[in-house]
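A structural walkthrough
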Amino acid sequence: MSRKQIVILGGGTGGTMTANRLRRRFGPDEAEIHVVDRDDRHVYQPGLLFVPFGLTSLDEIVRPRRRQLHDGVIFHEAEVAWVELDREEVVLLDGDVIPYDVLVVASGVRLQPEETEGLDGPGWNDRVFTFYTPEGADALRGALERFDGGRLVVNLVDMPIKCPVAPLEFVFLADWTLRERGIRARTELVYATPLDGAFTKPVASQHLAGLLAEKEIELVTEFNAGEVDGVGGKLGSYDGRELDFDLLVTVPLHGGSAYLERTPGMADSLGFVPTDKKTLQTTVKSNVFALGDATDLPTSKAGSVTHFEAEILSENIGRYFAGRELERGFDGHANCFIETGFHKALLIDFNYETEPLPGHFPSAFGLPLLRESRLNHLGKLAFQWVYWHALLPGRELPGIGPAMPARGKKTLPVPS
Amino acid sequence: MTTTLSTDTVDVDGEGFLTNPEQWNEQIAETIAAENGIAELTDRHWLVVRFMRERFLGTGTAPSIRSLGKESGVPIKELYQLFPEGPAKLAAKIGGIPKPKGCI
Ligand SMILES: Cc1cc2nc3c(=O)[nH]c(=O)nc-3n(C[C@H](O)[C@H](O)[C@H](O)COP(=O)(O)OP(=O)(O)OC[C@H]3O[C@@H](n4cnc5c(N)ncnc54)[C@H](O)[C@@H]3O)c2cc1C
């Protein structure tokens, strides 16, 4: 084939994996591969959960993006302004233009605290924090160190959010560390969610609600946060309920990156890119593909999902160039560790069709599913090494393919 | 399970959401609204109910509260005034479509 130009927007989890996989798939005279990102700081985002508790630090979870990309991948440090879909060009904010044969959207999400009245107003980073950004996680560490009891409210404003279990993990870790410091008795912990239970999927939701109750964490459901008074310490819902707080830990609304909204026809009303559930080709144009948090797919926004997608996406770009039918191979597979404190964690594994079930992963002799164990906690810690050294370089993990394994799972009647 | 609303017999789930959107009509909508504390459906109610219903019939999924606010043009605050019990759920119920599934 003649030499193709592939441009990947975003050099985070999905963009890096895709660039490295494609670099291996195509020789230098077959394809030129470009990655665009606005900065050169690759954050291992699962680590952000541990920063507020002093269990890790930003130094340990941030590395240069360039160094994660294989030789021969061209990195542009620039902000994407918009895409000219008809001319097949990416326009950068610094005025440069990059033409493409195939475009890969891997620009993740944009946090939108400004969409909730008062959230980023007075009190922001003083009594109101988020651990979803490196700066926020670090500021919250200081606030937790100074915290000496009172009401700590954890709230996710609305779905979708990336790693939907992270706010639950945060409240479990808060419970644990406050007990260790001997101030749990004078702390009220509240978990307020817009969902009608602790989590989205029924079986996991029941397990997690049980854990919250065991740890004496109050669960407030169907709470759609509408406004925040960061000075008076009040979180109000649209239906008129109010929660008092001394410290509010929020997960702000998520939307797509702003350049998508500046490109007519490229995103839905929340800024996510309409994408085929199985092939990862967008419905925007046949030469535009997408993966990771930026898509509108009905599965979790998680690094594990992005990893399973990267494998199918690179295969399909190969097929697209060869003029072959795309593989309809993505099943929505997600796999998440849930830290529960006390050196333990839970593991859940699910896809578009099957909700998280008890059993073992990836087969009957693997890690326990939906049950707290030390082994899962060690798995979660080991994951950082796996991320930098196996996932980003695009290596296969032995025994773990993109499709969800059914062996090792106990099937249960789904409660309605 | 089935239930009788005004004069029609319709299929519903355990929470009273119609499982077969084709059995729906405007009278049924008014009956469900009344049962859920909305004595009269105003034009603004109807706008939201129709939007939810059309979106579901067109795409197979009903919008979340957030997309409903962005796409219907009715601000979220007003949506809650119209449907105090939770706009997405209640408008879906009145519009005769299944209970919206949350995101994952
Ligand atoms: C606190 C927290 C905990 C998490 N824990 C887990 C976990 O335990 N397990 C798990 O699987 N996942 C976890 N995740 C989720 C995981 O990190 C994401 O799902 C994953 O990183 C998504 O990859 P992505 O490539 O889609 O987006 P990202 O990795 O976020 O990359 C997007 C990139 O696009 C760039 N970009 C965006 N717009 C522009 C623009 N206009 N111009 C230039 N560059 C742009 C950004 O700078 C960014 O680098 C967690 C996330 C958070 C926040």
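Residues numbered from 1 in each chain as written. Chains lettered and ligands numbered in written order. Predicted model: local features only at pLDDT ≥ 70, side-chain atom pairs only at ≥ 80, totals over all residues. Heavy atoms only, no water.

Quick word on the site of the ligand
All names here are of chain A. What counts, and what does not: When we say a residue is near a molecule or strand, we mean one of its heavy atoms is within 4 Å of it. Polar contacts here mean pairs of N or O atoms no more than 3.5 Å apart (in protein, one a potential hydrogen donor and the other a potential acceptor; neighbouring residues in sequence count only if both atoms are side-chain atoms). Residue-level accessible areas treat just the shown protein chains as cover; the underlying method is Shrake-Rupley with a 1.4 Å probe. Labels follow the DSSP assignment, with helices taken as runs of H or I lasting at least four residues and strands as runs of E lasting at least two, numbered in each case from the N terminus. Reported domain spans reflect what an automatic or database domain assignment gives.
In the vicinity of the ligand there are 30 residues, among which Thr13, Gly14, Asp37, Val80 and Ser257 approach most closely. Interatomic distance of 3.2 Å between a side-chain N/O atom of glutamate 79 and a nitrogen atom of the ligand. A distance of 3.1 Å is found between an oxygen atom of the ligand and a side-chain nitrogen or oxygen belonging to lysine 380. Relative to its unbound accessible surface of 1000 Å², the ligand loses 94% to contact with the protein. Broken down by secondary-structure element, the contributors of at least two residues to the shell around the ligand are α1 (13–25) and α7 (303–322). Among the domains, domain 1 (4–111 + 255–322) and domain 2 (113–254) are the pair contributing at least three residues each to the shell around the ligand.

Considerations on unusual backbone geometry
Note: most residues except glycine have negative phi, and most peptide bonds are trans. Residues and elements named next belong to chain A. Definition in use: Each residue gets one of three labels from its accessible area relative to the maximum for its type: buried under 20%, exposed over 50%, partly exposed in between, using a 1.4 Å probe on protein chains only.
Note the cis peptide between methionine 159 and proline 160, where omega equals 0 degrees. Omega for the bond connecting phenylalanine 361 with proline 362 falls within 30 degrees of zero, at -5 degrees, which places this linkage in the cis form. Position of proline 362 relative to the elements: it lies in the loop between β23 (359–361) and β24 (367–369). With phi around 60 degrees, glutamate 216 is a residue other than glycine that occupies positive phi space. Counting through the fold element by element, glutamate 216 comes out in the loop between α5 (202–214) and β14 (218–220). For glutamate 216, a relative accessible area of 56% puts it in the exposed group. Of note in this structure, histidine 343 is not a glycine but carries a positive phi near 60 degrees. Assignment of secondary structure puts histidine 343 in the loop between β21 (334–341) and β22 (344–350).

Comments concerning helix α4 (residues 166–180) of chain A
All names here are of chain A. Just so we agree on the cut-off: The span expected for a helix works out to 1.5 Å for each residue beyond the first.
With 15 residues, α4 ought to run about 21 Å at 1.5 Å a step, and its terminal C-alpha atoms sit 21 Å apart, in line with that. Burial analysis of α4 places 13 of its 15 residues in the buried class, the great majority of the element. Within two residues after α4, glycine 182 carries a phi angle of roughly 75 degrees, on the positive side.

What to know about the nonpolar core
If you look at soluble globular proteins, the nonpolar side chains tend to sit buried side by side. To keep it simple, the criterion reads: Side-chain atoms within 4.5 Å link the members of a nonpolar core, which is a set of buried Ala, Val, Leu, Ile, Met, Phe, Trp, Tyr and Cys residues. Should any heavy atoms of two residues lie within 4.5 Å, those residues are counted as being in contact.
Ile6(A), Phe170(A) and Ile317(A) are the most contacted members of the largest nonpolar core, which has 89 residues in total. The element that contributes the greatest number of residues to this core is α4(A), accounting for nine residues. Three or more residues apiece are contributed to this core by two domains, here domain 1 (4–111 + 255–322) and domain 2 (113–254) of chain A. When neighbours within four sequence positions are excluded, Ile6(A) is seen to be in contact with Leu22(A), Phe26(A), Ala31(A), Glu32(A), Ile33(A), His34(A), Val102(A), Val104(A), Ile317(A) and Phe321(A). Within the second largest apolar cluster, 32 residues are counted, among which are Trp24(B), Trp46(B), Tyr80(B) and Ala88(B).

Details of the interface of chain A and chain B
The condition that has to hold: Accessible area, probed at 1.4 Å, shrinks when two parts are joined; the buried area is that loss added up over both. Salt bridges are defined as contacts in which a side-chain nitrogen from Lys or Arg sits within 4 Å of a carboxyl oxygen from Asp or Glu. Throughout, the ten residues Ala, Val, Leu, Ile, Met, Phe, Trp, Tyr, Cys and Pro are labelled nonpolar, Asp, Glu, Lys and Arg are labelled charged, and all others, Gly among them, are labelled polar.
Each partner contributes residues to the interface: chain A has 23 residues there, and chain B has 13 residues. Taken together, both faces of the contact between chain A and chain B bury some 1600 Å²; the carbon and sulfur share is 54%. Sorting the residues of chain A by area buried against chain B places Tyr238(A), Ser269(A) and Leu270(A) first, and these three jointly supply 34% of that buried surface. Where chain A packs against chain B, one counts four salt bridges. Salt-bridge contacts for Lys77(B) lead to Glu117(A); the nearest nitrogen and oxygen are separated by 3.4 Å. Linking chain A with chain B are eight residue pairs in polar contact (both at pLDDT 80 or more), by the criterion used here. Taken together, the residues of the side of chain A that touches chain B sort by class into eight nonpolar, eight polar and seven charged.

Looking at the sheet that holds strand β1 (residues 4–9) of chain A
All names here are of chain A. Condition: Whether two strands pair depends on DSSP finding at least two bridges between them. Simply put, an axis is a line fit to the C-alpha atoms, just over the touching stretch for a helix, and the angle between two N-to-C directions goes from 0 to 180 degrees.
Read across the open sheet, the five strands follow the order β5-β2-β1-β9-β20; overall the sheet is parallel. The sheet is open, and its two borders are formed by β5 (73–77) and β20 (288–290), each paired with just one other strand. Taken over all neighbouring pairs, the strand axes of this sheet differ in orientation by 20 degrees on average, direction set aside. Pairing geometry for strand β2 (residues 31–37) and β5, over five bridges, is parallel. Note on β5: the bridge partner recorded for valine 35 is phenylalanine 75.

Comments concerning the domain arrangement of chain A
Residue and element names in this part refer to chain A. Looking at chain A, the domain boundaries give domain 1 (4–111 + 255–322) and domain 2 (113–254). For domain 1 versus domain 2, the separation of C-alpha centres amounts to 30 Å. The interface is formed by 21 residues belonging to domain 1 together with 26 residues belonging to domain 2. The junction of domain 1 with domain 2 conceals about 2000 Å² of combined surface from both sides, 74% of it contributed by carbon and sulfur atoms. Per-residue buried area on domain 1 facing domain 2 is highest for Leu49, Phe53 and Leu111; these three make up 35% of the total on that side. At the surface where domain 1 touches domain 2, the tally comes to one salt bridge. The partner of glutamate 135 in a salt bridge is arginine 41, with the nearest N and O atoms 3.1 Å apart. Our count for the contact surface shared by domain 1 and domain 2 stands at three residue pairs in polar contact (both at pLDDT 80 or more). Broken down by secondary-structure element, the contributors of at least two residues to the side of domain 1 that touches domain 2 are β3 (41–43) and β10 (109–111).

Here's the deal with helix α2 (residues 43–59) of chain B
Residue and element names in this part refer to chain B. When the terminal C-alpha atoms of α2 are compared, their 24 Å separation across 17 residues agrees well with the 24 Å that a helix rising 1.5 Å per residue should span. When α2 is considered as a whole, its buried residues turn out to be His45, Trp46, Val48, Val49, Phe51, Met52, Arg53 and Phe56. In this structure, the buried side of α2 is in contact with α1 (26–35), α3 (65–72), α4 (76–82) and α5 (87–94). After α2 finishes, the residue glycine 60 shows a positive phi value of roughly 85 degrees.

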